[in-house]
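# Coordinate inspection notes
Letter by letter, the chains look like this.
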Amino acid sequence: MDFVSKYQGVVGRVFGNENSGSSEDSYVERLLDRISNGVLADDKRNALAELQAVLAESDDAQLAFGAMGFPILLNVLKEGREDVEMVRGALETLVSALSPIEFGKKSKNGVQPALMNSDLLSREVENISLLLSLLSEEDFYIRYYTLQLLTALLTNSPNRLQESILTIPRGITRLMDMLMDREVIRNEALLLLTYLTREAEEIQKIVVFEGALEKIFGIIKEEGGSEGGVVVQDCLELLNNLLRFNSSNQVLLRETVGFDPLMSILKLRGSTYKFTQQKTINLLSVLDTVNLLLHGGQQTDPGKDSNSLANKSVLVQKNMLSHLLMLGVESQWAPVAVRCMALQCIGDLVANHPQNRDALANKALGEEPHVEPALNSLLRIILRTSSSQEFIAADYLFKSFCEKNPDGQTMLASTLIPQPHSIINSEFEEDVNMSFGSMLLHGLILSESDGDLETCCRAAGVLSHILKDNIQCKERVLKIELEAPTLTLGGPEPLLHRMVKYLALASSMSKDGKGSLTETTYLQPIILKLLLLCLFECPSAVQSFLEARPHLTYLLELICSETATVCVRGLAAVLLGVCIVCNKTAGGQDAFSMIDAISQKVGLTSYLLKFDEMQKSPLFTSEKPALSRKPLTRSVGASMSDIEEVYDDENTDQRNEDHPILRMVIDPQFVEFLKGLEVKIREQIVEIYSRPKSQVAMVPAYLEQQSGEIDKEYIKRLKEFVEKQCREIQELLSRNATLAEDLSKTGGSGSSQLEHRISSGSDRILVETLRRDVHETSQRLEALKAEKARIEAESSEHQHSASKLESDLKSLSDAYNSIEQANFQLEREIKALKSGGAEEIKAEAREVAQRESEAELNDLLVCLGQEQSKVEKLSAKLAELGEDVDSLLDGMQGGEEDDDDDDEQE
């Protein structure tokens, strides 16, 4: 065969020549010769057994076999079908040639013969077709070894085998038939189909079309559902491969088989629930199936959202919510991994689905008389659980419930009623009869006495979901007043002020060493997030926050704190910016005074720089989601390693800032929210510095004298107004001087450093605004220069026309003078004729001269009329250009009179 010659060339390059002289090569060659040319059947079978044994122990033997053994064994499979034992031996030998050796005699060349042999065997489609045809044989071991051989090929060369099976008629059908075979063969076929459908969408569709869904659920039911063994895990893994990112297969499952089989797997049986390792893996696998259905398909699929909504609706109709609540809430003896996955599925089930949210809100858990709303039970998990992953999953559920759900938020906020001081000091075990809001407030203030803010901050996280984008809930929370822990500390205190106190307490814990670094990693960000969401777009909340003057001072100190993390300093800066943007107060704590305080105590440049530091921190640039878990798979047997890798809290680096709870707080939506806020804060600061309208606005009517007002009072009022304007100007100059000082500090010792800091620092918006104004002024100046040049060009053109007209007038005047001289000459001739006595001749000459003179005068008058109109137009144009027309005409007349005097003297 051609592939053998190619493979021999590869072997020759590996060993240095094409005819290796190693003992393994010679031994393999002798065995192959006995198989090919042997006479006795027993001798052939013995040679096959010896070849299989040496291939299972030596890489060099596998490499030598690949160079010359495939044609011989493939010929056995083609021609020797009658000898069942020979076919079995050939298949078993091929499996050994394609299986990597984990121990024994290794090749010294670093080559992987199993991969090379797999590549060699899968190159020809005829070889795969031959193997698939063997699945129709009656012998059990032939079918079994064929499936093992196909699995080995798929493990080493998946793409090539997938392409080959798609081109072979009824190739997948033959594999699907193996699911109805005996148990051992069925299990091998399950593994083969699992590998085959992982990333091949076309094969996934064909497998489903061949009835894979019904067969999978049939095997699961036969094996005992979630109580079954590893076969159930294999079935669920195959099912997830068929549904993952494949909307059409999800629609087929929903509309044909339905979701009832999934419910039966999730349903817990028996009075005492035992969770073995395999049962845990099976439950996680079926929860992964539910999660795939809830997401609806691939992100780029246009029908993803509609498919997801349809799946969610049907799942709730099938009572999926009750099964998930049983696993995630009521079965506290279930493993943490199962509870977390169930809570995450509930969060996905209610996300962006109003009917499912209502179903969750109306759900009650427990048995009489101990029945309580499901949301209360979920809140208790958040406040009590010792697992950070379970807290993250339950918090994600509340976030999904409250997101774009104002009615649900209002419903929860309506239960926020403070309890008497005696109940506040009670233990958690006594909160069963409390409402949701009372339990939440109880959690907010329960642990403040002993300095343990863990429970307080968890409750603050839930409260932030309730307040997000809901003005009514914010106004309600502003009215809540909490009693002081002891009577000596004064009267009731607003809840907003108490949260600021907790923020300061969390900061002092790290300074005093009472808490570990773990506590301060996410406690302060949770409280700062709550304050941010409460104050955003709520001027009354901002006013309540600023009523206590120490709040502003503490925020300024927190921004400058060296012990605080970059995240905490940045969030504190954003919180202060929200007080500036959403401030509608006309009193002392307005936006102007706050910016002045920032400039004096922090420096505007340093303040704005906190935004950049926060945005560049790994916590904000990392795209890793808070809830992530890779799909459970198996290669040889079931293992809990995948579960422990994700859900083991002890393996997490708790002292790192990238804490899983911190990643939950700073989620992608909150990061985008902070980016939008940063832009608004910068724009507001620039506007206040450049156009402080509220302080320098001037009413023109105020400057006019009012009716009945005497001059003395009017002058006094104007004087007071001018003095007020002077004070405001001085205040503005002082503020701008502070800004200039900050900018100069940013610059360092040279202009290059200034440009560098401006380009990377926080004053770039101010500088860009100034640069834009300068650029606009320059453009306006250039336009004025161009207009001036155009006007000057027109002026020179009109002056040239005026000089031309002056020369034309002078020539006309000369012509008129010449005509006058000719007329004078004729008159002299007429006098001479009169003196000669020729009266008739004189009369005739006079008559002729008169006719000629009249004709010339008429022509002259026409010319003079035309020139007069031109002179009038020229005079108007010169007047527009600013020339004194009368002086020009006087000068011209003066010149003509001088000429006339000279003529008379002559």
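Up top is the structure these notes are about.
Okay, so let's go over this structure.

### Examining the pairing of strand β2 (residues 370–373)
The pairing of strand β1 (residues 364–367) with β2 spans 4 bridges and is antiparallel. The partner of Gly 366 across the bridge, within β2, is Val 371. Taking the residues that link successive antiparallel strands as the turn, the β1-β2 hairpin has 2 residues.

### Considering the packing of aromatic side chains
Inspection of every chain in the model, using the stated rule, returns 9 aromatic pairs. Here the aromatic rings of Phe 670 and Phe 673 are separated by 5.9 Å at their centres, their planes lie at 25°, and the arrangement is stacked. Of this pair, Phe 670 and Phe 673 both sit in helix α40 (residues 668–690), 3 residues apart, which is roughly one turn of the helix. Overall, Phe 670 belongs to the buried group, its relative accessible area being 4%. Taken together, the aromatic side chains of Phe 140, Tyr 141, Tyr 144 and Tyr 145 make up a single cluster linked through ring pairs.

### Brief notes about the pattern of salt bridges
Evaluated as defined, the whole model comprises 28 salt bridges. When the shortest N-O distance is used, the salt bridge between Glu 85 and Arg 45 registers 3.4 Å. Taken together, the positions of Glu 85 in helix α6 (residues 84–97) and Arg 45 in helix α3 (residues 41–55) put the pair 40 residues apart, joining distant regions of the chain. Residues Arg 339 and Glu 390 are paired through a salt bridge, measuring 2.9 Å at the closest nitrogen-oxygen approach. On the criterion of sequence distance, the pair formed by Arg 339 in helix α21 (residues 336–350) and Glu 390 in helix α24 (residues 388–402) is long-range, its members being 51 residues apart. You can call Arg 339 buried: its relative accessible area is 7%. Salt bridges linked by common partners bring Asp 42, Arg 45, Asp 83 and Glu 85 together as one network.

### Here we look at unusual backbone geometry
The residue Lys 404 is not glycine, and still its phi comes out positive at about 55°. Tracing the chain through its elements places Lys 404 in the loop between α24 and α25 (406–413). Classification of Lys 404 as exposed rests on a relative accessible area of 68%. Phi is positive for Asp 469, close to 55°, though the residue is something other than glycine. One can find Asp 469 in the loop between α28 (454–467) and α29 (471–478).

### As for the side chain of Thr 289
Along the chain, Thr 289 falls in helix α18 (residues 277–295). Judged by relative accessible area, which is 0%, Thr 289 ranks as buried. Once you skip the residues sitting within four places of it in the chain, Thr 289 turns out to touch Leu 239, Asn 240, Leu 243 and Leu 262.

### A look at the nonpolar core
By size, the foremost hydrophobic cluster in this structure holds 220 residues, and its most contacted members are Phe 65, Leu 77, Leu 175, Leu 360, Leu 535, Tyr 607 and Ile 666. Contacts of Leu 175, omitting those with residues within four sequence positions, involve Leu 132, Leu 135, Leu 147, Leu 150, Ile 165, Ala 189, Leu 192, Leu 193 and Leu 196.

### Let's talk about α29
Among the residues of α29, Cys 473, Lys 474, Val 477 and Leu 478 are the ones counted as buried. Down the axis of α29, the buried set is contained in an arc of 140°. They therefore lie on one face. If you check the start of α29, you find a side-chain oxygen 3.3 Å away from the backbone N of Gln 472, and it comes from Asn 470.

### Remarks on the packing of α28 against α29
The N-to-C vectors of α28 and α29 enclose an angle of 130°; their axes lie 8 Å apart at closest approach. Considering the angle they form, α28 stands oblique to α29. Between α28 and α29, the contacting residues are Leu 463, Ile 466 and Leu 467 on the first element and Cys 473, Lys 474 and Val 477 on the second. The residue makeup of the contact of α28 with α29, split by class, is 5 nonpolar, no polar and 1 charged.

### Considering the environment of Glu 852
Relative to the helices and strands, Glu 852 is located in helix α45 (residues 839–880). Judged by its relative accessible area of 46%, Glu 852 falls in the partly exposed class. With 29 residues separating them in the primary sequence, Glu 852 and Asn 823 have C-alpha atoms 9.7 Å apart.

Rules and cut-offs
Residues numbered from 1 in each chain as written. Predicted model: local features only at pLDDT ≥ 70, side-chain atom pairs only at ≥ 80, totals over all residues. Heavy atoms only, no water. Pairing = 2+ DSSP bridges. Helix = DSSP H or I, 4+ residues; strand = E, 2+ residues; numbered from the N terminus. Phe/Tyr/Trp six-rings, centres within 6.5 Å; stacked < 30°, edge-to-face > 60°. Buried < 20%, exposed > 50% of the residue type's maximum accessible area, 1.4 Å probe, protein only. Salt bridge = Lys/Arg side-chain N within 4 Å of Asp/Glu carboxyl O. Contact = heavy atoms within 4.5 Å. Core = buried A, V, L, I, M, F, W, Y, C linked by side-chain atoms within 4.5 Å. Arc of directions from axis to C-beta. Polar contact = N/O pair within 3.5 Å; in protein donor to acceptor, adjacent residues only side chain to side chain. Axes fitted to C-alpha atoms, helices over the stretch in contact; angles between N-to-C directions. Parallel < 35°, antiparallel > 145°, perpendicular 65-115°, else oblique. Nonpolar A, V, L, I, M, F, W, Y, C, P; charged D, E, K, R; others polar.

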